[in-house]
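# Inside the fold
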Amino acid sequence: MFNPLRFLWRVNNRFENWEEEDIKKYQSKQIDKLMKFAVKKSKYYSTFYSGYNLSDFSNLPFINKQLFMDNFTQLNTVGLTREECINHCLEKEQSRDFSEYYKGYLVGMSTGTSGNRGIEFVSKFEAFMMQLLVFFRFPFPKTRRINLAFILRVFSPGFGHNGRKIRITYVSPLDPMETIVEKLNVLNPNLLSGPPSVLQALARAKNEGSLKVSPILIISYGEVLSTNVKKIVETDFNCSVVEVYKSSESFIALPCKDGKLHINEDTTYVEVLDKNNEPVKPGEPGFVVVTDFIKRKTPIIRYKLNDLLTIDPEPCSCGSKFRVIKEVHGRADDIILGKKISSDELQFILPDYIRRSIISSSEHIEEYNAIQTSPENLIIKLQLAANIDNQVKKDIESTIQQGLANIFTKHNSEVPEIEFLYLNLKQDFDKKLRRIQRSFAEDFLN
Ligand SMILES: [Zn+2]
C-alpha cells in the first residue's frame, strides 16, 4: 500500500542524506526492475531489445520521440492505440476541456517546434507521484498559502489544484498580453511560473506599471533561461527566479533552497553523452538521455531528448549529492556548429556565447534572432530601438561581427559570413522562442 507520508520522508532523506554510492546503488536496482517489467509488459521493448544483453544497460539502443510516437500502440503497457489517444487529444483541444480522463488516464499532447506532436501519457497514480515529488521537494517559500499562476500553452496532466493551502491556476499564453496581465492582476499570485519569453514580456508590463502583481518567487520552465533574461526578470519583479526542468517524458530536475537545479536522481536516471554516446565529464556539454522510474504505463528507457546540457562539476552548497545542472543549453538541433579550421569536422558552439555577444554589443538592441543556415553563413535579425541612424547601425554590425569572429576563432573554427536583417521581431508565444537557431540538419542525434 502506498503511503504518502512515508514517500515524503523518503523523498527528503534521499535528497539530503544520500551519498553518490547510495544513489548509484538505488538507480541500478530501479533500472533492473524497470527492464524486467518493460520486456515482460511492453511488446515494443521486448522486440526492440531482442539480441541485447539487458544487464548491459549503457549499451542498449536509444529511443527518441519519433520511435516513441511511431510505436506507441505496442509500447504502452495498457493496450491503448496511438490513434485513439491522438483523437482524444484533438477533441479535447477543440473543446478546450482538459479536465476529463480517457479510460482512466491523463492523456495530453505536446507540440514540438518542428510540428511533430508527442503524446504525454500518465496514469492517475503516476501523476499523483509526480505531484507529490514536486510538492515535497520544491523549495516553496514559507507562506500561509501558495497561490501559483501557471502560464502554460497546453494542459500538462495532473497539476491543476485548488485547495486550502495551495491554489494553482492556469493562464494561457495564447491570450493577448493585455488579457494575461488582467488575469494575473485579478489572481494576484504570490508564485508565478512560465516560460522565460513570457516572463520577460511580463517583466516589461511590470516595469511599465500595467502588471500589479508582486510574486515572492518566479519559476521558469519550458525554454532556456539565459542569464540575461534571468537578470531582467529578477530586477523588474525584485524576487528570485528558479528553474524547473521537465520534459513530456520525465520530471528531470527541481531547484533546491539555494536555487540550484538538481536532477531528481531517484525518479529519473539521466545520462549526459557526447556524439559517440560516451558519457561526458561534468562541466562539459552533452546530449540528455533519460530513463524514468515512475512511468510504467509508457516505459521511458534510454530516451534521447533533443536537449544539450552541462552538469556542474562543483557540489551544491545545500549539501545534496544529487547532480546539479549547471546549464540547459537548449535544443541540440539549434546549437550553432563551427567548422574546424584544421579539419572538416563540426563542433558545438554553445548558444550562450552567441547570445551574450549580440546583447552586449549595443543597448539599442530590443530583440534579436541568429539563424545559422550553413556552417559558412549566419543571419542576424535585429529589432533596434526607434530612430537609430545608419552610423549607429554600422557600429552595431561591426561590434557583433568582431564579437562573433572572436568566438569562432577561439573555438578554432572558421568565421562564418554574417548577414544582418532589420525586422520587427514579434514574439510568438505559441512556439518556443528560439533566439538561436540552426536551419540545416546535422545528424548528431542518431
Ligand atoms: Zn542544492
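Numbering of residues begins from 1 in every chain and follows the order in which that chain's sequence is written. Selection of residues for local features in this predicted model requires a pLDDT of at least 70, selection of side-chain atom pairs for listing and counting requires 80 or more, and totals for whole chains, interfaces and linings are taken over all residues. The side-chain numbers reported here are obtained from all heavy atoms of the structure, hydrogens and water having been left aside.

## Observations regarding the overall build of the protein
Helix numbers and strand numbers start at the N terminus; a helix is a DSSP run of H or I with at least 4 residues, a strand a run of E with at least 2. From N to C terminus, the protein includes twelve helices and 21 strands. For 446 residues, the compact-globule estimate of 2.2 N^0.38 gives 22 Å, and the protein sits close to it at 23 Å. C-alpha extents for the protein along the principal axes are approximately 70 × 55 × 45 Å. Out of the 446 residues belonging to the protein, those deemed buried represent 52%. Radius of gyration means the value over C-alpha atoms here, while the globule rule gives 2.2 Å times the residue count to the 0.38 power. Each residue gets one of three labels from its accessible area relative to the maximum for its type: buried under 20%, exposed over 50%, partly exposed in between, using a 1.4 Å probe on protein chains only.

## Examining the pairing of strand E5 (residues 166–171)
For strand E3 (residues 146–151) and E5, the ladder comprises six bridges, and the chain directions are parallel. In the strand pairing of E5, Ile 151 is matched with Val 171. Pairing between two strands requires that DSSP report at least two bridges joining them. Across two bridges, strand E4 (residues 161–162) lies against E5 in antiparallel orientation. When the sheet's bridge partners are listed, Asn 162 is paired in E5 with Arg 167.

## Quick word on the sheet that holds strand E15 (residues 324–331)
Taken in spatial order, the seven strands make up an open sheet running E9-E10-E11-E15-E14-E13-E12, and their pairing is antiparallel. Here the strands that pair on one side only, and so sit at the sheet edges, are strand E9 (245–246) and strand E12 (268–273). Pairing of E9 with strand E10 (residues 251–255) involves two bridges; the strand directions are antiparallel. Its bridge partner lying in E10, Tyr 245 is registered against Ala 253.

## Description of unusual backbone geometry
For residues besides glycine, phi is generally negative; the peptide bonds are generally trans as well. For Asn 277, which is not glycine, the phi torsion reads 65° and is therefore positive. Among the secondary structure elements, Asn 277 is positioned in the loop between E12 and strand E13 (285–292). Not every positive phi belongs to a glycine, and Arg 302 is a case in point at roughly 45°. Relative to the helices and strands, Arg 302 resides in the loop between E13 and strand E14 (303–311). Look at Arg 302 and you get buried, because its relative accessible area is 2%.

## Some details on the packing of aromatic side chains
Here a Phe, Tyr or Trp ring, Trp counted by its six-membered ring, pairs with any other such ring whose centre lies within 6.5 Å, and the pair is stacked when the planes are under 30 degrees apart, edge-to-face when over 60, and tilted otherwise. Per the stated rule, a full pass over the model turns up 17 aromatic pairs. Here Phe 138 and Phe 140 contribute two aromatic rings whose centre-to-centre distance is 4.8 Å and whose plane-to-plane angle is 50°, an arrangement assigned as tilted. Taking the relative accessible area as the measure of exposure, Phe 138 reaches 6% and is therefore buried. An aromatic cluster is present here, built from Phe 68, Phe 72, Tyr 105, Phe 121 and Tyr 303 joined pairwise through their rings. Throughout this description, the term charge over a ring refers to an Arg CZ or Lys NZ atom that lies within 6 Å of the ring centre and within 35 degrees of the ring normal. Sitting over the ring of Phe 62, Lys 304 keeps its end group 4.6 Å from the ring centre.

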